[in-house]
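Here are the chains, one letter per residue:
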Amino acid sequence: MSFVLETKNELARVHPAKTCCKIAEIAGFLRFAGSIGIVGREKYRIVMTTPNLAIVRHYKTLIREYFEVDVSIEMSKGNAFERGNIYSITLGPEQLSEMILREAGILMARAGRNSISDGIYDELLRTKCCRKAYLRGAFLASGTLSNPEKGYHYEITTSSEACAKDLRRLINTFDDITPKIVVRKSRYGVYLKAREQIADMLAIMGASTQYFAYQDVMMKKDLLTSARRADNLDNANIDKAIRAAQEQLEWIRKIEARGGLSSLTLKLQAVAMARLDHPDAGLEELGRLMDPPLSKSGVNNRLRRLGEIAKGL
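Residues numbered from 1 in each chain as written. Predicted model: local features only at pLDDT ≥ 70, side-chain atom pairs only at ≥ 80, totals over all residues. Heavy atoms only, no water.

### Observations regarding the overall build of the protein chain
Looking only at helices and strands, the protein chain features 11 helices and 10 strands. Since a compact globule built from 313 residues should have a radius of gyration of about 20 Å, the 35 Å found for the protein chain marks it as more spread out than a globular shape. In terms of overall dimensions, the protein chain has a C-alpha envelope of 110 × 40 × 35 Å along the principal axes. By residue count, 42% of the 313 residues in the protein chain fall in the buried class. Surface exposure of the protein chain reaches about 17500 Å², of which carbon and sulfur atoms provide 50%. Averaging the locations of the 48 positively and 37 negatively charged side chains of the protein chain gives two centres separated by 3 Å. (Helix = DSSP H or I, 4+ residues; strand = E, 2+ residues; numbered from the N terminus. Rg over C-alpha atoms; globule rule 2.2 N^0.38 Å. Buried < 20%, exposed > 50% of the residue type's maximum accessible area, 1.4 Å probe, protein only. Areas by Shrake-Rupley, 256 points an atom, 1.4 Å probe, with all protein chains shown as cover. Lys, Arg positive; Asp, Glu negative; His and termini not counted. Charge placed at Lys NZ, Arg CZ, Asp CG, Glu CD.)

Here's what the structure looks like:
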């Protein structure tokens, strides 16, 4: 099962405790997953669709609890671009479709006439709990989420530019979360790419299990990155030590060829012989081989002196 599907299944099990949160979540799902048709004078037909049976059952329950109307779930086959089944809830005049549209902030009265708004109704978002519920509904309607093992991307899409801007503003009400808008043909995507912000969104929407799963993947990737960085650093240090040892051998052989090691002081002769006998040894190991033992800095100082002598020849 994909990460986004697991997330949506978890969110579909979140049941709002407050009445205000129920209508906020219904409104979020209706705004992003619903279509509205006119079936007569001042009469409306709402259809909300999703390929996820758990989601459509969840909203059937919420609608029944809040509006006290029972609705049926219909199933149809998806088209060439939609694999599997499509599930829908249909609300007609007999299921209080006009009341539902008004309470969701979609059907508005302007200049004595009804009009369909294309933004998000602010009256539903007065409290933080309602803003969380609305975002949960919007994500369950048209949200996508990449597997954190492969990348970081969270997005909710809509066909309305005004709705996309309102959604961005809504998400911005939460600390340190800064979504952007992208236009793809006739749709607008409100998205996040920062992994910490995506993790925060999972917590905000109420997907606590998926939040910890997301954090676990992030932690493992960080540990793997740190291990690779440390391994690269170790390899770089080894390469550096090998190059330094080769250069030191060249100094010593040059001195040996030009004037002989006997021309050196006894201390320099000792470190030169130790390097010739142990070309792969590190400075600490060379120091332990000396008699008496010498510190790493002491070995380094003597080898540097050999370099100065070799360059002067």
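### Some words on the pattern of salt bridges
The full count for this structure, using the stated rule, is 12 salt bridges. Salt-bridge contacts for E161 lead to K165; the nearest nitrogen and oxygen are separated by 3.4 Å. Placement of both E161 and K165 in helix α6 (residues 161-172) is noted, with a separation of 4 residues, approximately one turn of the helix. By relative accessible area, which is 39% here, E161 ends up partly exposed. Given the relative accessible area of 42%, K165 is considered partly exposed. A salt bridge links R195 to D222; the shortest N-O distance between them is 2.8 Å. (Salt bridge = Lys/Arg side-chain N within 4 Å of Asp/Glu carboxyl O.)

### Regarding the nonpolar core
With 61 residues, the main nonpolar core has F32, L135, Y154 and L167 as its most contacted residues. The dominant element in this core, judged by the number of residues it contributes, is helix α2 (residues 19-33), at 7 residues. If sequence neighbours within four positions are ignored, L167 has contacts with F32, I120, L135, I156 and V190. (Core = buried A, V, L, I, M, F, W, Y, C linked by side-chain atoms within 4.5 Å. Contact = heavy atoms within 4.5 Å.)

### So, the side chain of K22
Among the structural elements, K22 can be located in helix α2. Looking at K22, its side chain comes within polar contact range of the side chain of E65, at 2.9 Å. Apart from the residues within four sequence positions on either side, K22 is in contact with H15, P16, L62, E65 and Y66. (Polar contact = N/O pair within 3.5 Å; in protein donor to acceptor, adjacent residues only side chain to side chain.)

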